[in-house]
Every structure is written in C-alpha cells, then in structure tokens.
Amino acid sequence: EFLTISRSLFLPFLDFVSLLLADNKYCITCGNDRSVRLFNPTRLDPAETTREAQMNISSSTLNRNRSRIVTELPSSLPIKIYPTIHPYAISCIATDPKSQILLSCGGKTMACVDVITGKTLGKYHGHQGRINTVTCNEDGNVYLTGSYDGSVKLWDGRSSHSEIQTLNESKDSIMTVLSVNHLIVSGGVDGCIRTYDVRRGQMRVDTVHESITGMSLSGDAKCIAASCLDGGIRLLEHSTGDLLNTYWGSHVSGKYGLECTFTKDDLHVVSGSEDGNVVLYNLVSGNCDGILGGHTRPTCSIACGGDKQSSSKEVIVSASYDGNSVVWASPEESYRWA
C-alpha cells in the first residue's frame, strides 16, 4: 500500500474543510458547527488515547475493516478552538504564508483572525452570495475570495481591510481561487479556468467544458489539476492551458464538490471521493496507485504535506461529511511520530 492510516481527528460536527499549515505540523479544520479548530496531527491526545490503542493502528487492521477503522483511531492532539465568528456554517478557510493569520468565511463574510491569540482582526463584506473559496497571496498582504455571485474579490490585508478590485468575468459561481507570483487563477461552475496576469493586466481563459469543483497547483507551479463534476480530473499545463492528462474511474463524483491536490513530491494527484475513499492517481500514467478507505460518507476536502524529496514522509489529511478528519502517513513517518 502507498499509505496507511496513522492518526485520526474525530470531530463530531465537522463538515468538510481541512487545512495543513505551512510547517506541516499543525492542521486546521472547520465545518457546519461554525467552529474552527487547530490540531497537531503528529501527536496523540493524551486525555483520550492509550498506548494500546496506538499500537492497534496497522495496515492489516485497515484491510480487515475499512468501515470501522476511522472510529477506532485515537484522536490527535487538540491545540485551540477559535471563538465562533460567523452566524453561518464555515465554507472555507486559509492562512497566510507565515501561518500567522487565519481567514475563515461564512455566508457572505470573511473574517481575519490571529492564529496565536484567536483575536478577530477584521471582517470583510461585499459579496452578494456565499463565499466558496478563500486564499492569500504569497506576500500575505492581499486576500482573495470567490463567491456564488460569480465574482473574485481582492482585499487589502494590511490595515484598511478594504476591497481592492473585483474580477467579475465568470458567468457562474466561483468554486476555487489560486494565487501564485503575479497570477490569479479562478475556476467555477461555468467550466472555465481564468488566469489573470496582474502585472500585464491580461486574462487568459481555458475551457474544460465541465463544472469545476476544486483546483490545485503543482509544487513547481507548472501544472493545474481541476476536479470536475463529470467525475474527471483534468491536468493542464499552467502556462499554455494545454490538456496533459485526465484521471478517471477510481473515484466517484457527480453530486458533491470534491477537492483535489498534488502530493508534495508532485508524483501523484490526490482526490476525494463520494464513496468515502481517498484516491491517488499517478501523475504521468494516470493509473490509480492507491485507495485509502475508511470514511463512511463523501470525502470532499484533501490537504497534503511532508517532504518534497521523499514520498516516505508524505502526509495526507482528509475531511468527510461523516464528521471525521483523518491523518494518513507512510509507516516510516507514523513510526517517527510514535
């Protein structure tokens, strides 16, 4: 097997969002209970876990009983629960590159929170529909949100907390926004990937002809993986928009918005699935190299961390509608945590 389960984060009301911070030692989750929680996924909660429970986690247990393995896993170490800010379920979260600022969105509002103190630094209003996605530029001074109203908004993250610009070229809901260097990339229900060059003031549109529910950039920023509602994941060359590969067959899609991402070594594309699995596709061949089973409801949020130079140190966090977020790691990495 490519990976085995090593830790679980058991959150009874978690909906579907998980995020690994830049140092890969902390994980933030949120969901329908309107809470945001910070965990250390590499450590067990001493209040709930025994050494015997820890030693029971093995690939053989995973193979015998995939449907019960999640609830049998010990809890990861909880660090902080942030005060409830939004009156609605939290739809998306992000942090700045230094993991000092937390951005959370509920309804039409984005909130900016200090990760360490939990203090609310500001709120941002302006969208006419629910915010579906949020991210931050590489300098940490501009925040970007994409909404059901079809717009992408850029916000000043320094002091004024004001709107800088609105990008409203999309004909339907924006589901994902990425920021890399001087480029902004958005994808949405209209099936278009729009790349905005901020320096040149230009926009390029690449059409995949299917609604996009999730999107991710490779580590070298040369490729974009777009998860589509027809069940396929398209791999495109970032600079030209050319279709390089398509991943089908091993994950189930069509009713839920699924995320996809790259492993840290860029060797695999990882996707959630409506049957509760986490699926790893080989980047080049397109074959399925691994299926991680354990969730009992759709797995919609995926985050990857670890060492770019070593797949043996790969870490994946998956969040599901079953109320659980699970940490997956190679045996070598999980033994190092013990």
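Residues numbered from 1 in each chain as written. Predicted model: local features only at pLDDT ≥ 70, side-chain atom pairs only at ≥ 80, totals over all residues. Heavy atoms only, no water.

Observations regarding the overall build of the protein
So, point 1. Each helix and strand in the protein was counted, giving four helices and 28 strands.
So, point 2. Counting the 338 residues in the protein, one finds 59% classified as buried.
So, point 3. Total accessible area on the protein is roughly 14,500 Å²; 47% of this is exposed by carbon and sulfur atoms. (Helix = DSSP H or I, 4+ residues; strand = E, 2+ residues; numbered from the N terminus. Buried < 20%, exposed > 50% of the residue type's maximum accessible area, 1.4 Å probe, protein only. Areas by Shrake-Rupley, 256 points an atom, 1.4 Å probe, with all protein chains shown as cover.)

Focus on the pairing of strand 14 (residues 174–180)
So, point 1. Burial runs high along strand 14: six of the seven residues are buried.
So, point 2. The pairing of strand 14 with strand 15 (residues 183–188) spans six bridges and is classified as antiparallel. Across the sheet, leucine 178 pairs through a bridge with valine 185, a residue of strand 15.
So, point 3. As consecutive antiparallel partners, strand 14 and strand 15 are separated by two residues, and within that stretch asparagine 181 has a phi angle of approximately 55°, a positive value. (Pairing = 2+ DSSP bridges.)

Let's talk about unusual backbone geometry
So, point 1. Backbone geometry places asparagine 181, a non-glycine residue, at a positive phi of 55°.
So, point 2. Its place among the elements puts asparagine 181 in the loop between strand 14 and strand 15.
So, point 3. With phi around 65°, histidine 209 is a residue other than glycine that occupies positive phi space.
So, point 4. Inspection of the secondary structure puts histidine 209 in the loop between strand 17 (202–207) and strand 18 (212–217).
So, point 5. Exposure remark for histidine 209: the relative accessible area of 67% places this residue in the exposed category.

Points about the sheet that holds strand 14
So, point 1. Here four strands make up an open sheet; going across it, the order is 14-15-16-17 and the pairing antiparallel. The two strands at the open ends of the sheet, each matched to only one other strand, are strand 14 and strand 17. Strand-to-strand twist across the sheet, computed as the mean angle between neighbouring axes with direction ignored, equals 15°.
So, point 2. As defined by bridge partners, strand 15 adjoins strand 16 (residues 192–197) across five bridges and the pair is classed as antiparallel. Pairing of glycine 187 across the sheet is with isoleucine 193, part of strand 16. (Axes fitted to C-alpha atoms, helices over the stretch in contact; angles between N-to-C directions.)

Some thoughts on the pattern of salt bridges
So, point 1. Counted according to the given criterion, the structure contains six salt bridges.
So, point 2. Where aspartate 206 meets arginine 204, a salt bridge forms, and the shortest distance between an N and an O atom there is 3.0 Å.
So, point 3. With a relative accessible area of 11%, aspartate 206 lands in the buried category.
So, point 4. A relative accessible area of 26% means that arginine 204 is categorised as partly exposed. (Salt bridge = Lys/Arg side-chain N within 4 Å of Asp/Glu carboxyl O.)

Description of empty space enclosed by the protein
So, point 1. In this structure the tally under the stated criterion is two cavities of 30 Å³ or more.
So, point 2. Counted as a void, the largest cavity has a volume near 50 Å³.
So, point 3. Taken together, the residues of the lining of the largest cavity sort by class into seven nonpolar, three polar and one charged. (1 Å grid on protein atoms, 1.4 Å probe; cavity = no way out; pocket = protein on both sides within 12 Å on 5 of 7 lines; lining within 4 Å. Points joined across faces, edges and corners; volume = space filled by probe spheres on them. Nonpolar A, V, L, I, M, F, W, Y, C, P; charged D, E, K, R; others polar.)

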